[in-house]
Amino acid sequence: LKLGSAADAAAAASTSTAASAVAPAGGPTEQQAAFDDAAICWDFVAGRCKKGNICRYLHLDNEAAKAAAARALSRLGRGWSAGGVSEAHRKLAHLFHEGGLMVRGGVAAANGIGNTPATSGATPEQEEEWLTHCDIEREEGSTTATLLISMGSAGLDDLGILAWAFWFDTRLEALVPKPATLRATEVDFSGNQIGDYGASVLAVVLEKHDVHCDVLRLNGNSMYDASLKDLVRYLTSSDQATVRELALGENAFSVRGVAWLFACVTLHPAYPVWSEDLCRFEPLRLQLGASFRPDAEDGGVQSEELVSVLQDLSAACHMSVLVGEENEEMSQKLFATAKSNCAAHICDVTLPEGALLEDPVPHARPYFLECPPEAGDVAEGDASKTRMSPCILFDDDSFVVLYKPGGWGCHGNAREGGTLGKLNPLKLPSEEETNRIIQMMTNAGHNADAACIKAWLLLTLGKDKDADAIRDPEADHGLCHRLDLGTSGPMLVGKTLDSYEFAKQQIRDRDVVKDYLALVHGRFAKPRGTCREAIDKSPYEAERRVRIHESGQSAVTLYEVVAEYESVDASKDKYSLVHLRLITGRTHQIRVHMAHMGHPLVGDWKYIEKREVGLRDDQIIRRIFLHKFRVTFMDMDGLPVSISCPLRMDPQLWSCLGKLRLTGGMALHGCDAPGLRPPAPPAGKPPLRSPSPQRVAGGAAKLPLRSPSPKSARRM
């Protein structure tokens, strides 16, 4: 929803007036106020929105907008999402606004979607029918509710699912207090006429209320690949599996869309999910059908094509997939109690004769693999004298993925010592002078402005006549996102202005997978979890740090403990190596979230409160321990691309872990994780081992130790 003109603002104001006209005399109801408030851009009210006409929310700067902000903050005490509203709440309100839905006498009315003719919303008869198919059970005083939604073959199209979602959202707000846990044994929307728009509405309403269901049935609809993107956001929105079994057959998905689903759930903290009944980790069960796109011009995606993609996917994303009906042999591949990298099980596709897929290996093993061949020699040198040089891990006509070592900045200016400000994009230096400048940037004796990633891109790729974004300062020289000075990892770069904007839109839509590894202080009470605290960036300009505050933007970080360490000196300081999946992308999000939870990052002087802790960190590493492990995105043709950087890519971080004692976590066995091992147990006591060492060791040897080349298996 792009409302930038005066006419748009007037239309929005008239809509708000019409909505308030039917409110009770005492003022708008809480539900109606929530709808109106969620449509307003909070950043614009606070003077921070820089998106202009591409912003999806209303740009209103009047007393009514300020009152709406005050109402949102007042709801925080009653369990509403931090920062006013969550992203799912905002998007759902936008979808309702786009569909013309508002509260009129307690009944939803629809004014049409886009150019669709105006139709009525849910009638009282429809609501009565929905009540018989949507059961909500909650004991008095309990914050846990059980749902059973049986809307199969209900004749719902996109407008119908929009009206149902509004009714369902209103009903949940009224019956279930927040925060609440919503468990659904089954959510069935099979056999309808739901398209991409309706699938988006359904996914967002389930994400907003954090519904966790055993089975989600969407087979027999009219969904294409765009629907899978919305469903994936819902599937990956929590550290606990939101869906255990997903039925998608008899739709119009292509192999590209299915590959995107697999790429996003792999290495996710929620998948595979622990099964109390079977006492093992169970992958996400998928029902796709042997030919699940029968209306495609090429005749549909056959099992042979799907298996071929899965073979490439296993190498690119370090994941394993089970195919076919479950049997005893397949069950033996799943570890008894250890978490594996098998994130999905396609139940209704037959594996072609002779086709082989990788067996599951320990879930944490990909973090510690050998460096990919594109990285070259990453042998550790004297960090006080030499910086590692960036390298290109992936390159096609539209995108580049480069590896940024720690110590290289993403900013750059013309100050003394700055490199970027001294370069003219229209008159780049000769090859000899280019080599001299790059050699100078790797000299650790120069300041951070000298080692500038933008300058390196300009010198390395700027002479390519088609790489117009690399030469354009307004396009940030192609950088689609940034990493902090001390953070290492892959960075996505758009070579052309079109690809740059395409990638930026993916980031805004939460369609870029961002996985990190961090060493933090202390031990976690649970092996995985979620931090949803709002982040306020207002102190950043003055203090170069952010804070947790209810007035900030909503932020979501998922985490999973990979390994536990302790120092070898008398202090016995405890550390945890954690994998973090960013759902949002706020400034310093990982750093401030971990510090807020009592687990500041090692070497992070900005957020470590005790000076003596920072001084002890300096004994093992003199920089922040934060490494971006993976970036996954879609290229211009809609094909997923996944690039991983194992921890060995950063020799300083690898060496830091080697100075500590590895004491626990999923990486303790079968993963080649660095670290000193615990001393041998006294005589007569059994050694420490994993619950199933034979199976772990047997599966681990089957995964290649080197990542595939960037122009073949990494593009799926």
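Coordinates for the structure precede this section.
Below is a summary of the structure that appears in this document. (Residues numbered from 1 in each chain as written. Predicted model: local features only at pLDDT ≥ 70, side-chain atom pairs only at ≥ 80, totals over all residues. Heavy atoms only, no water.)

So, about the side chain of His 209. With respect to the element layout, His 209 can be found in the loop between helix H8 (196-208) and strand E6 (211-217). When neighbours within four sequence positions are excluded, His 209 is seen to be in contact with Asp 169, Leu 172, Glu 173, Lys 178 and Leu 182. (Helix = DSSP H or I, 4+ residues; strand = E, 2+ residues; numbered from the N terminus. Contact = heavy atoms within 4.5 Å.)

On to the packing of helix H6 (residues 124-133) against helix H7 (residues 158-175). It is at 11 Å that the axes of H6 and H7 come closest, and there the two elements cross at 70 degrees. Put simply, H6 runs roughly perpendicular to H7. Classified by chirality, the crossing of H7 by H6 is right-handed. Between H6 and H7, the residues in contact are Glu 127, Trp 130 and Leu 131 and Gly 160, Ala 163, Trp 164, Trp 167 and Arg 171, respectively. (Axes fitted to C-alpha atoms, helices over the stretch in contact; angles between N-to-C directions. Parallel < 35°, antiparallel > 145°, perpendicular 65-115°, else oblique. Left-handed = near helix turned anticlockwise from the far one by under 90°.)

All told, the structure shown has 31 salt bridges when counted by the stated rule. A salt bridge links Asp 169 to Lys 208; the shortest N-O distance between them is 2.8 Å. With Asp 169 in helix H7 and Lys 208 in helix H8, this residue pair connects regions lying 39 residues apart in the sequence. By relative accessible area, Asp 169 is classed as buried at 2%. Notably, a salt bridge pairs Arg 523 with Glu 564, separated by 3.9 Å at the nearest N-O pair. You can see Arg 523 sitting in the loop between strand E16 (513-521) and strand E17 (528-531) and its partner Glu 564 sitting in strand E20 (residues 557-566), a full 41 residues away along the chain. Taking the relative accessible area as the measure of exposure, Arg 523 reaches 30% and is therefore partly exposed. One network of salt bridges, with partners in common, ties together Lys 91, Lys 229, Asp 230, Arg 233 and Asp 511. (Salt bridge = Lys/Arg side-chain N within 4 Å of Asp/Glu carboxyl O. Buried < 20%, exposed > 50% of the residue type's maximum accessible area, 1.4 Å probe, protein only.)

Okay, a positive patch on the surface next. On the surface, a cluster of positive charge is contributed by Lys 537, Arg 544, Arg 545 and Lys 606. If you trace the backbone, Arg 545 turns up in the loop between helix H16 (540-543) and strand E19 (547-548). (Patch = residues over 30% accessible without salt bridge, like charges linked within 9 Å, V, L, I, M, F, W, Y side chains within 5 Å. Areas by Shrake-Rupley, 256 points an atom, 1.4 Å probe, with all protein chains shown as cover. Lys, Arg positive; Asp, Glu negative; His and termini not counted. Charge placed at Lys NZ, Arg CZ, Asp CG, Glu CD.)

A few words now on the sheet that holds E6. Spatially, the eight strands line up as an open sheet ordered E3-E4-E5-E6-E7-E10-E12-E11, and their pairing is mixed. Edge positions in the open sheet fall to strand E3 (134-137) and strand E11 (320-323), since each of these has one partner strand only. On average, each strand axis in the sheet is inclined to that of its neighbour by 15 degrees, with strand direction left out of account. Sheet analysis places strand E10 (residues 284-287) next to strand E12 (residues 342-346), joined by three bridges and oriented parallel. Note on E12: the bridge partner recorded for Leu 286 is Ile 346. (Pairing = 2+ DSSP bridges.)

Here the focus is the packing of aromatic side chains. Within the structure shown, the criterion is met by 11 aromatic pairs. Aromatic rings pair up to connect Tyr 367, Phe 368, Phe 629 and Trp 654 into one cluster. The residue whose ring lies beneath Lys 537 is Tyr 540, and the NZ or CZ to ring-centre distance is 5.8 Å. (Phe/Tyr/Trp six-rings, centres within 6.5 Å; stacked < 30°, edge-to-face > 60°. Lys NZ or Arg CZ within 6 Å of the ring centre and 35° of its normal.)

Shape is all these values report; function is a separate question.
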